[in-house]
2 protein chains.
Amino acid sequence: MSTPPRMIEVRENVLKQNDRLARALRKRFQEAGVYVVSLVSSPGSGKTAFLEKTLARLKPICRVAALVGDLATENDAERLARAEVPVRQITTGTVCHLEAQMVERALEDWNLQELDCLFIENVGNMVCPSSYDLGEDMRLVLMSVTEGEDKPLKYPTIFNTADIAIITKIDLAAAVEFDSEAAHNSIQSVRPGMQVLHVSAKTGQGIPEWLEFLRSRFAS
Amino acid sequence: MSTPPRMIEVRENVLKQNDRLARALRKRFQEAGVYVVSLVSSPGSGKTAFLEKTLARLKPICRVAALVGDLATENDAERLARAEVPVRQITTGTVCHLEAQMVERALEDWNLQELDCLFIENVGNMVCPSSYDLGEDMRLVLMSVTEGEDKPLKYPTIFNTADIAIITKIDLAAAVEFDSEAAHNSIQSVRPGMQVLHVSAKTGQGIPEWLEFLRSRFAS
């Protein structure tokens, strides 16, 4: 908008380079038989709590691992490590999203053959992560009931580039007077037909449905 | 991090240009006697609800107006217009933050002499808005009790560039088991001495303290 043309050109080159790296990553994942799921949302939507629950449930039945992005701190990696699966933090410094190269570097000394499923938790941001392919098979967009039902209308691209929408903190729905119908209408208007799941990492509500969805994609 | 040197150089030029424009804006605001407050937070932290309450309380005592940034939709401008004060939406398209030039354009046909206080609500994003000066006198960073007490540690720059931290949705503190002490410790560790207010736009808790803080800054 206010960005001069040269900036746009350079940004497109960065994106092209990212796309090339992401394609190479996707090929590596496929060859190693690893199914890769990325998670995007606002800061504080509950990505880490959701992932913690998911890793704990999957650990007894398959080999899972996680990469987790943040500008600073290793807090999320420490939380996820409680599930006793391999976890690595990617600290991005001032970069507001993960890029394929960061994922590639974080995996440098990992043997992908030893994994069935890898989760990549992006930096909390509803805008820029939508532009960066990480070589994942499935992208989840999460929004919590506390954020407002019109988030999909305000951040359409992130919903358009995701495969499923997860509405989190559903245990707080009554306390915040969450309007489920309005939220679904917002999602459907930017991405008609998108599947939506309601979950609570706290109570476990919706987690079986989510794992069933994941299993169906993983098997296909 | 993974960005090539040329990209960084161009980005710095964009920032320098933004800084020049922001300085010119600040001068215009000062000459017109308008006090300018910007609001930054994650999507869904309650910036608009907080601003709605603030505008309604200020309207009887001074001439207020608001600019509100989003990627898409005019929803926030429509909400704020209920306070019956001048409001204009800035839609940024795919740009994840406001820039000084967008503010300048949005104000083109406004007579600043007719205002005492202007609020600028940024796009919901905890990263990039921190790098863009908008010519404001005061920057608020908001975080809701639902987002997690370690947000300041994960997004230190946005707290470092703000003048006051507002913890929103305090009416939900018990429901989400908000740890106030942990949140304050996080804030103080990235920005020692930062003033923190607890508010609820729903119940009105903390709003008088916030208006008193604003009045003290405005008067100085």
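Up top is the structure.
Keep in mind the model is a prediction, meaning the values are calculated, not measured.

About the cut-offs
- Residues numbered from 1 in each chain as written.
- Chains lettered and ligands numbered in written order.
- Predicted model: local features only at pLDDT ≥ 70, side-chain atom pairs only at ≥ 80, totals over all residues.
- Heavy atoms only, no water.
- Salt bridge = Lys/Arg side-chain N within 4 Å of Asp/Glu carboxyl O.
- Helix = DSSP H or I, 4+ residues; strand = E, 2+ residues; numbered from the N terminus.
- Buried < 20%, exposed > 50% of the residue type's maximum accessible area, 1.4 Å probe, protein only.
- Contact = heavy atoms within 4.5 Å.
- Buried area = accessible area lost by both parts, 1.4 Å probe.
- Polar contact = N/O pair within 3.5 Å; in protein donor to acceptor, adjacent residues only side chain to side chain.
- Nonpolar A, V, L, I, M, F, W, Y, C, P; charged D, E, K, R; others polar.

**Quick notes on the pattern of salt bridges**
Summed over the entire model, instances satisfying the criterion amount to 28 salt bridges over all chains. Across the salt bridge formed by Asp70(A) and Lys154(B), the nearest N and O atoms sit 4.0 Å from each other. Within this pair, whereas Asp70(A) is found in strand β2 (residues 64-70), its partner Lys154(B) is found in helix α5 (residues 151-154), the two belonging to separate chains. Residue Asp70(A) is classed as buried on the basis of its relative accessible area of 2%. Take Lys154(B): its relative accessible area is 5%, and that puts it in the buried class. One salt bridge connects Lys154(B) with Asp76(A), and the closest N-O pair in it is separated by 2.7 Å. Highlighted residues: Lys154(B) in helix α5 and Asp76(A) in helix α3 (residues 75-81), drawn from two different chains. We classify Asp76(A) as buried; its relative accessible area is 1%. One continuous salt-bridge network, built from bridges that share partners, spans Asp70(A), Asp76(A), Asp150(B), Lys151(B) and Lys154(B).

**Description of the interface of chain A and chain B**
One frequent convention defines the size of an interface as the accessible area lost when the parts assemble. Taken together, the contact between chain A and chain B spans 46 residues of the former and 47 residues of the latter. Between chain A and chain B the total buried area reaches about 4,000 Å² when both faces are included, carbon and sulfur atoms providing 57% of it. Its salt-bridge partner being Lys202(A), residue Glu177(B) comes within 3.2 Å of it at the nearest N-O pair. Taken together, the connections running from chain A to chain B amount to eleven residue pairs in polar contact (both at pLDDT 80 or more). Elements with a contribution of two residues or more to the side of chain A that touches chain B: α1 (5-32), α3, α4 (100-106) and α5 (151-154) of chain A. A total of six residues in the side of chain A that touches chain B trace back to one element, the largest contributor, which is α1(A). The residue inventory of the side of chain A that touches chain B, partitioned by class, reads 21 nonpolar, twelve polar and 13 charged.

By themselves these figures say nothing about function.
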